[in-house]
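Secondary and tertiary structure notes
Each chain, written out:
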Amino acid sequence: VNQRNKMMTTPLSQNEAVSSSVRHRRPSESTEVPSVATSVALSDDDNTESSETSISENKTRLGELSKRDLDKPSSEINSASRKIDHKTNFIGQILPWSMLIVWPLMCLLPLLLTNESLPTHYSRVFPSKWYSLDTTAPKPLGLCLGILAVAVGHLHLVPLFYFYRKGLLHNGILPKSVQKSGPRDYFFLEGLKTHLSQPEGFVLLSLYLSLTWMLNLMPNSYYSFTGHIQWSRVFGCLLSQDGLQYIMHRLEHSISPTFYKKSHKPHHKFTNPRLFDAFDGSLPDTILMILVPLYATANIFRDCNVWTYMAFGSIYANWLVLIHSEYHFPWDTLFRKIGFGTPGDHHVHHKLFKYNYGHLFMYFDRMAGTYRNPSTYAP
């Protein structure tokens, strides 16, 4: 009894108290003390047995569940997972096609300025004296809007291409490279800076447009703001420009090695071109292959208005940049079927030099026997 009272007053845990009582018990002492310890131990054993019994019962209940009830949640999870994967794949297939928006954006400015239902119609934006036709003294508004139209198209193309090359329009997956060796590694801002600052690029093109416009060297209809975009004329101008460019391109390659070295060879230092290499060449190359065909085309299609000229110029400049891309675009297969130029077509020329002289269209190469399909002649 004394030992039991001592156990009850000592600040020990239950197990420690039991252990202490058993350890210090003498043989002559009453058996009541062990009975207390035994009762405590039995109490613990009862709890353990009860817990084990509860676990055993739970296992029994689980074992009694039918296989159908166990499989149901798993099938539902798998079904949801498949739906997510399908949705992800669908988005991954559709998202790259958002690049198609670059094409209408190339003509965004003339479309806004010629829509009579919008407050952006040119008659609501500019004073009439700025655009009234005067064949003796050209006004600079048309010139400024033409250059601005190309810039607006480029302002959308560049960031969209940045997202595209980073895989942000491919659900995180990088787009497919045109060349098997992969795209050239470069800093995007460096490429953009080089692209915009090339003297034989937009600088020379802007100078050409300014001189031919302000010196009244264009056909009279080009100064007219009347009407809308003449889409048939736009296509005709693009076809004419590319046909004349094809001829000049072949001449630069074939006149003489010396002439080629001074004119077109600087552009051919890029055997694996990138988007920003489109206007990186030489002054003679730009004059002969771009400016001469531009002026000739303007005099072939002499009935275009300023909006048609604007749309043609913007589509031509931006498309010429797109075919130098280091990545395939979603529309390439369709374009190739209808004879439109793609990055793959143009990379064949940069890699092999003697095929695919066309840029926007492959019609002239096919007629002359100089076309090679990128799927067969993959660079």
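No experiment lies behind these values; they were computed from the predicted model shown.

What counts and what doesn't
Residue positions are counted from 1 within each chain, in the order its sequence is given. Reporting in this predicted model follows two pLDDT cut-offs: at least 70 for local features of residues, and 80 or more for side-chain atom pairs to be given and counted; totals over whole chains, interfaces and linings ignore these cut-offs and use all residues. Side-chain metrics rest on all non-hydrogen atoms present in the structure, leaving aside hydrogens and water. pLDDT is a residue-level measure of predictor confidence that goes from 0 to 100. In what follows, residue pairs with any heavy atoms lying within 4.5 Å of each other are defined as contacts. Simply put, an axis is a line fit to the C-alpha atoms, just over the touching stretch for a helix, and the angle between two N-to-C directions goes from 0 to 180 degrees. The numbering of helices and of strands both runs from the N terminus, where a helix is a DSSP run of H or I of at least 4 residues and a strand a run of E of at least 2. We call a crossing left-handed when the near helix sits turned anticlockwise from the far one by less than a right angle, and right-handed when that turn is clockwise. Charged residues are taken to be Asp, Glu, Lys and Arg, nonpolar residues to be Ala, Val, Leu, Ile, Met, Phe, Trp, Tyr, Cys and Pro, and polar residues to be all remaining types, Gly included. Nonpolar side chains (Val, Leu, Ile, Met, Phe, Trp, Tyr) are joined into patches within 5 Å and like charges within 9 Å, using only residues with over 30% relative accessible area and no salt bridge. Here, Shrake-Rupley sampling with a 1.4 Å probe gives the accessible areas, and only protein chains in the shown set may cover a residue. Think of a salt bridge as a Lys or Arg side-chain nitrogen and an Asp or Glu carboxyl oxygen that are within 4 Å of each other. Classification of ring pairs rests on two measures: the distance between centres of Phe, Tyr or Trp rings, Trp counted by its six-membered ring, which must be within 6.5 Å, and the angle between planes, read as stacked under 30 degrees, edge-to-face over 60 and tilted in between. Relative accessibility thresholds used throughout: buried, under 20% of the residue-type maximum; exposed, over 50%; partly exposed, between the two (1.4 Å probe, protein chains only).

So, on to the confidence of the model for the chain. Averaged over the chain, the pLDDT score is 83; the fraction of residues at 70 or greater is 75%. Predicted confidence is poor over residues 65-72, with pLDDT under 50, and the contacts of this stretch with residues over four places away or in other chains come to one contact. Considering only residues more than four positions removed or in separate chains, one finds that residues 80-87, a stretch of pLDDT under 50, has zero contacts.

A few words on the packing of helix 9 (residues 140-165) against helix 15 (residues 306-322). Running from N to C, helix 9 and helix 15 cross one another at 35°; their axes reach a closest spacing of 9 Å. Crossing angle aside, the handedness with which helix 9 passes helix 15 is right-handed. Across from Gly-142, Leu-145, Gly-146, Ala-149, Val-150, Gly-153, His-154 and Leu-157 in helix 9, the residues of helix 15 making contact are Val-306, Trp-307, Met-310, Gly-313, Ser-314, Ala-317, Asn-318, Val-321 and Leu-322. Taken together, the residues of the contact of helix 9 with helix 15 break down into 10 nonpolar, seven polar and no charged.

Moving on, we come to a nonpolar patch on the surface. On the surface, Leu-207, Leu-211, Leu-215, Leu-217 and Tyr-295 cluster together to form a nonpolar patch covering roughly 450 Å² of accessible area. Within the fold, Tyr-295 resides in helix 14 (residues 283-300).

A few words on the packing of aromatic side chains. The geometry of two aromatic rings is summed up by the distance between their centres and the angle between their planes. Here the structure, examined in full by the defined rule, presents 31 aromatic pairs. On the basis of an interplanar angle of 45° and a centroid distance of 5.3 Å, the ring pair of Tyr-122 and Trp-307 is categorised as tilted. Residue Tyr-122 is found in helix 7 (residues 122-125), and its partner Trp-307 is found in helix 15; the two are separated by 185 residues along the sequence. Among the residues examined, Tyr-122 registers a relative accessible area of 12% and is labelled buried. Relative accessible area serves as the criterion here: at 0%, Trp-307 is assigned to the buried category.

Summarising the element assignment, Phe-126 is placed in the loop between helix 7 and helix 8 (128-131). Once the C-alpha coordinates of Phe-126 and Leu-141 are considered, the two residues, 15 residues apart in sequence, prove to be 9.2 Å apart. Every residue in contact with Phe-126, bar those within four places of it in the chain, is listed here: Leu-113, Tyr-131, Leu-141 and Leu-145.

Applying the stated rule across the entire model yields five salt bridges. Of the charged contacts in the structure, one is a salt bridge between Arg-184 and Asp-277, with a shortest N-O distance of 2.6 Å. Pair noted here: Arg-184 is in the loop between helix 9 and helix 10 (188-197) and Asp-277 is in the loop between helix 13 (257-262) and helix 14, with a separation of 93 residues, a long-range link. Residue Asp-277 is classed as buried on the basis of its relative accessible area of 1%. Overlapping salt bridges bring together Arg-184, Glu-190, Arg-274 and Asp-277 as one network.

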